[in-house]
Amino acid sequence: MQNKPFFTFVFSLLFILSGSVERLSAQKIPVLQATDDHAVIHDGANVKINWKLDPKVRPDIYYVNLPYKKSKIDLITDKGKISFNTRYGKSYDAVVILNAKDSCHIRILAREDPSFIAMQHLGIQNSPVEIPFSIIGSRIYFKGLLNQKEEVNIQFDLGAGTSCVNKQSSERLKILFTGKSTVSNTQGVHEARTSSGNTLQIGDAVWKEFPLTEVGNMKADEDLIVGNSFFRNKIVEIDYDRKVMTVHDELPSKAGDFKKQPVFYEQHRPKFYVDFFQEGKKYSFWFLFDTGREGTMLIGDDFTGQGKNWENLKELQMLNERKLVRLNAFIGGREFKDIVTNAADPLKPTGRPTLFGNQILSQFNVILDNKEGMLYLKPNGRINEPYLNYDRYLKEVAHKK
């Protein structure tokens, strides 16, 4: 074989290097300046995250709230802003130079966060999975099989940030605990045992290698709690009339008959926007859609701590350092009159979010589109179910006298 002339080799090498430099230039990571380590991430129209710049974490990852949907992400410092238009499966890097010396590497990741638990379908792929449920009080319960051998009673709780096992059930279910984590629930903030590598089957749906956290605030007949982390890449339909939950890959056509509104997520937990009124004054806020709460609603310090909300709410009475308040709320096109609930004192925060519970929410059939971040509500046959209203409050007060 005849050797190529040397100048031809050099020319080819320069051409290759030139192309490499051109590609690197096209992939240049944007740089932003900052003199304060407090930044802000705006994710779409509804999500605002306070982000602390940390040069020690490389990269410091932010997971897009709706990874399956095209989104606009703004990273804002006290010196400027960078924007990204995201698509599922892609990552976007930025560097923030803090105080002209420290490099903070931030990665915007448009995919599921590590706590996501993928569902496997034992039936016909891409067909809806129907899961029958029972209702106790206003809560939803499934029957399932844990680790291929132990029958379990499972509460479905859209307000749960993690999957849990009842402390009273752990020994019977032969749970193998391998670690510990910090838990914040109705029992306060405490350390709890954790278990990894579990398998759960509910009907034709299976989840593998998922974690469980042991908690002591569950009812005696509840073994597990699972939440929306099991369904974040799915569309969940809850039909209280049929007592069936259906897991879809595509939005069902019946959604056109439902009232539609956006949601966003905190730890996979959906939040929806609600208007409520007290003594002619209108308030609006993002409420947790908490199917695991038996009660009507709760006003947390995330609401009362804003502006003069705490001062403006008129109380019926003070109860355990909380205001007991009377209000009307509009949900899914319906008005719920004379709700009586309590509001947390922002000077004595509990960390519990503002929410609606299933005494109200179970009066709607629900379609939760986790892919597009949309909630669909339609009144169902439970529309006359009681909730804590002013008449019941007066009767309780009279009974105590």
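Worth saying up front: this structure is predicted, and the values here are computed from it rather than measured.

Peer 1: Looking at this model, I keep getting lost on the overall build of the chain. Mind explaining?
Peer 2: Along the backbone of the chain there are five helices and 30 strands. Reported as C-alpha extents along the three principal axes, the dimensions of the chain are approximately 105 × 55 × 45 Å. Evaluated residue by residue, the chain yields a buried proportion of 47% over its 401 residues. Excluding contacts between residues fewer than 6 apart, the proportion of contacts in the chain whose partners are at least 24 apart in sequence is 62%. Working note: accessible area of the chain is about 21200 Å², and carbon and sulfur atoms make up 50% of it. For the chain, the separation between the mean place of its 55 positive charges and that of its 48 negative charges on side chains is 3 Å.

Peer 1: I'm lost on the nonpolar core in this one. Help?
Peer 2: Here is a general trend for soluble globular proteins: nonpolar side chains tend to be buried in one another's company. The biggest cluster of nonpolar side chains holds 62 residues, and the ones touching the most others in it are I238, M245, F272 and F356. For M245, the contacting residues outside a window of four places in its chain are V129, E130, I131, F133, F142, F156, F231, V236, E237 and I238. Counting residues in hydrophobic clusters, the runner-up holds 23 residues, among them L32, I82, F84 and V96.

Peer 1: Please clarify how the sheet that holds strand β4 (residues 60–63) should be interpreted in this entry.
Peer 2: With respect to topology, four strands assemble into an open sheet ordered β1-β7-β8-β4, the strand pairing being mixed. The sheet is open, and its two borders are formed by β1 (31–34) and β4, each paired with just one other strand. On average, adjacent strands in this sheet sit at an angle of 30° to one another, irrespective of strand direction. For strand β7 (residues 91–98) and strand β8 (residues 102–109), the ladder comprises eight bridges, and the chain directions are antiparallel. Within the sheet, the bridge partner assigned to I97 lies in β8 and is S103.

Peer 1: Explanation requested: the packing of aromatic side chains in the structure shown.
Peer 2: The way to describe two aromatic rings as a pair is by their centre distance and the angle between their planes. Overall, the coordinates contain 24 aromatic pairs when judged by the stated rule. Relative to F230, the ring of W207 lies with its centre 5.1 Å away and its plane at 55°, an arrangement referred to as tilted. Placement of the pair is W207 in strand β17 (residues 205–215) and F230 in the loop between β18 (224–226) and β19 (235–239), with a sequence separation of 23 residues. Residue W207 is classed as buried on the basis of its relative accessible area of 0%. In this structure an aromatic cluster arises from ring pairing among F272, F276, Y283, F285, F287, F289, F303 and F356. One residue, K281, lies across the ring of Y283, its end atom 5.6 Å from the ring centre. When the ring centre of Y390 is taken as reference, the NZ or CZ atom of R326 above it lies at 3.7 Å.

Peer 1: I keep staring at the pairing of strand β27 (residues 334–343) and nothing clicks. Help me out?
Peer 2: Successive residues of a regular strand alternate their side chains across the two faces of the sheet. Where strand β26 (residues 322–331) and β27 come together, eight bridges link them in antiparallel fashion. By the bridge assignment for β27, R326 is matched with V340. Joining the antiparallel neighbours β26 and β27 is a turn of two residues, in which G332 adopts a positive phi near 55°.

Peer 1: Would you mind going over the sheet that holds strand β5 (residues 71–77) with me for this structure?
Peer 2: Backbone-to-backbone hydrogen bonds pair the strands of a sheet. The strands run either parallel or antiparallel. Spatially, the four strands line up as an open sheet ordered β3-β2-β5-β6, and their pairing is antiparallel. Of all strands in the sheet, those with a lone pairing partner are β3 (47–52) and β6 (80–86), marking the two edges. Shown here is a sheet whose adjacent strand axes are inclined to one another by a mean of 20°, direction ignored.

Peer 1: What's the story with the pairing of β17 in this structure? I'm lost.
Peer 2: Along β17, eight of the 11 residues are buried, which leaves the element largely enclosed by surrounding structure. In terms of strand pairing, strand β9 (residues 119–121) meets β17 through three bridges, oriented antiparallel. Opposite Q120, over in β17, you have V206 as the bridge partner. Across three bridges, the pairing between strand β14 (residues 164–166) and β17 is parallel. Following the sheet pairing, N166 is matched in β17 by V215.

Peer 1: I keep staring at unusual backbone geometry and nothing clicks. Help me out?
Peer 2: Among all residues except glycine, the phi angle is most often negative; among peptide bonds, the trans geometry is most common. With an omega of -5°, the peptide bond between R58 and P59 qualifies as cis. Mapped onto the fold, P59 is located in the loop between β3 and β4. The backbone of Q148 sits at a positive phi, close to 70°, despite the residue not being glycine. Relative to the helices and strands, Q148 resides in the loop between β12 (139–146) and β13 (150–156). With a relative accessible area of 68%, Q148 lands in the exposed category. The phi torsion at D338 lies on the positive side, around 55°, for a residue other than glycine. Within the element layout of this structure, D338 appears in strand β27.

Peer 1: What is the right way to read the side chain of E237 from this model?
Peer 2: One can find E237 in strand β19. Owing to a relative accessible area of 5%, E237 belongs among the buried residues under this scheme. For E237, the side chain forms a polar contact with the side chain of K254, separated by 2.9 Å. Aside from chain neighbours lying at most four places away, what touches E237 is V244, M245, T246, H248, P252, K254, V366 and I367.

Peer 1: In this structure, what is going on with the environment of T199? I would like to understand it.
Peer 2: Tracing the backbone shows T199 in strand β16 (residues 188–202). Sequence separation of T199 and L146 is 53 residues, and the distance between their C-alpha atoms is 5.9 Å. The contact partners of T199, leaving out residues within four places of it in the chain, are L145, L146, N147, V206, W207, K208, E209 and F210.

Reading the values: rules and limits
Residues numbered from 1 in each chain as written. Predicted model: local features only at pLDDT ≥ 70, side-chain atom pairs only at ≥ 80, totals over all residues. Heavy atoms only, no water. Helix = DSSP H or I, 4+ residues; strand = E, 2+ residues; numbered from the N terminus. Buried < 20%, exposed > 50% of the residue type's maximum accessible area, 1.4 Å probe, protein only. Contact = heavy atoms within 4.5 Å. Areas by Shrake-Rupley, 256 points an atom, 1.4 Å probe, with all protein chains shown as cover. Lys, Arg positive; Asp, Glu negative; His and termini not counted. Charge placed at Lys NZ, Arg CZ, Asp CG, Glu CD. Core = buried A, V, L, I, M, F, W, Y, C linked by side-chain atoms within 4.5 Å. Pairing = 2+ DSSP bridges. Axes fitted to C-alpha atoms, helices over the stretch in contact; angles between N-to-C directions. Phe/Tyr/Trp six-rings, centres within 6.5 Å; stacked < 30°, edge-to-face > 60°. Lys NZ or Arg CZ within 6 Å of the ring centre and 35° of its normal. Polar contact = N/O pair within 3.5 Å; in protein donor to acceptor, adjacent residues only side chain to side chain.

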